[in-house]
Amino acid sequence: KELGYDCEFVTLAKKKSDAGVESQKSQSEHKEVEVVNGFPVRRFSSTAKLLWYVLRQNAVLHTHLRPFAPSLLAGILPKRKIITPFTYELGSNQLVKWLSLFLMRRFDKVIPISPYEGEVYLKNGFRKDQVVWIPLAIDYELFSTAKKEKAVAEKFGIKDTGFTIITVANFRYFKRVDVLLKAFAEVKKSLS
């Protein structure tokens, strides 16, 4: 804002699943544009409509999440654009990997969330000046080595049970979190 830029979030409207269950409001329950935490959020019914809207804006584009179609396809837009892919996996098969690399290389900058992810991009033909690692807002040193387990446990008040899960991210149904939790319980039993 200090530089005179406005910020707007654009995304797809959440649709009902086949089972009729939805985790967010459906498109019909949302206004075309609503303000969330002080920022305008505009939801679209399709990737094509979203990209058409973005194409017509005088904007710098920052997309997130490589597997999200609008983010990846924004690579074809004639705009200044940045992508934060949030994954070092470049695709579930060779075709998806090739398409991802083709589109991602068209971004002016790629922001990996770890040095490892940055190396994956460099090894796959990205220019060194194109890949810019910006550390996440976490205490990276604290979480980086097994030697620091005691410091982590003390900082967060974790009792020494001999079994601690520090982080598991992005709980989504298709990842079968229910199975993961049962597996952790079994591992804990076998270690006790």
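These numbers come from a predicted model, not from an experiment.

Moving on, we come to the overall build of the protein chain. On a plain count of helices and strands, the protein chain comes out with seven helices and six strands. In the protein chain, the succession of helices and strands from N to C terminus is β-β-β-α-β-α-β-α-β-α-α-α-α. Per-residue burial over the protein chain gives 25% buried out of 192 residues. Expressed as a percentage of contacts within the protein chain between residues at least 6 apart in sequence, the contacts between residues at least 24 apart total 42%.

Time to look at the environment of threonine 84. Relative to the assigned elements, threonine 84 resides in strand E5 (residues 81-84). The buried category is assigned to threonine 84, whose relative accessible area is 5%. Distance in space between the C-alpha atoms of threonine 84 and valine 110 is 5.9 Å, their sequence separation being 26 residues. Apart from the residues lying within four places of it in its own chain, the contact partners of threonine 84 are His62, Thr63, His64, Leu65, Ile111 and Ile113.

Pairing geometry for strand E4 (residues 61-64) and E5, over four bridges, is parallel. In the strand pairing of E5, leucine 61 is matched with lysine 81. Strand direction decides the pairing type here: E5 and strand E6 (residues 109-110), joined by two bridges, are parallel. Looking at E6, one finds that isoleucine 82 is bridged to lysine 109.

One open sheet accounts for three strands, arranged E1-E3-E2; its pairing is mixed. On the outer flanks of this sheet lie strand E1 (9-12) and strand E2 (33-36), each paired with one strand and no other. Recorded for the sheet is a direction-independent mean angle of 35° between the axes of neighbouring strands. As paired strands, E2 and strand E3 (residues 39-44) are joined by four bridges and run antiparallel to one another. Considered in E3, the bridge of glutamate 34 is made with valine 41.

Reading the values: rules and limits
- Residues numbered from 1 in each chain as written.
- Predicted model: local features only at pLDDT ≥ 70, side-chain atom pairs only at ≥ 80, totals over all residues.
- Heavy atoms only, no water.
- Helix = DSSP H or I, 4+ residues; strand = E, 2+ residues; numbered from the N terminus.
- Buried < 20%, exposed > 50% of the residue type's maximum accessible area, 1.4 Å probe, protein only.
- Contact = heavy atoms within 4.5 Å.
- Pairing = 2+ DSSP bridges.
- Axes fitted to C-alpha atoms, helices over the stretch in contact; angles between N-to-C directions.

By themselves, these figures tell us nothing about what the structure is for.
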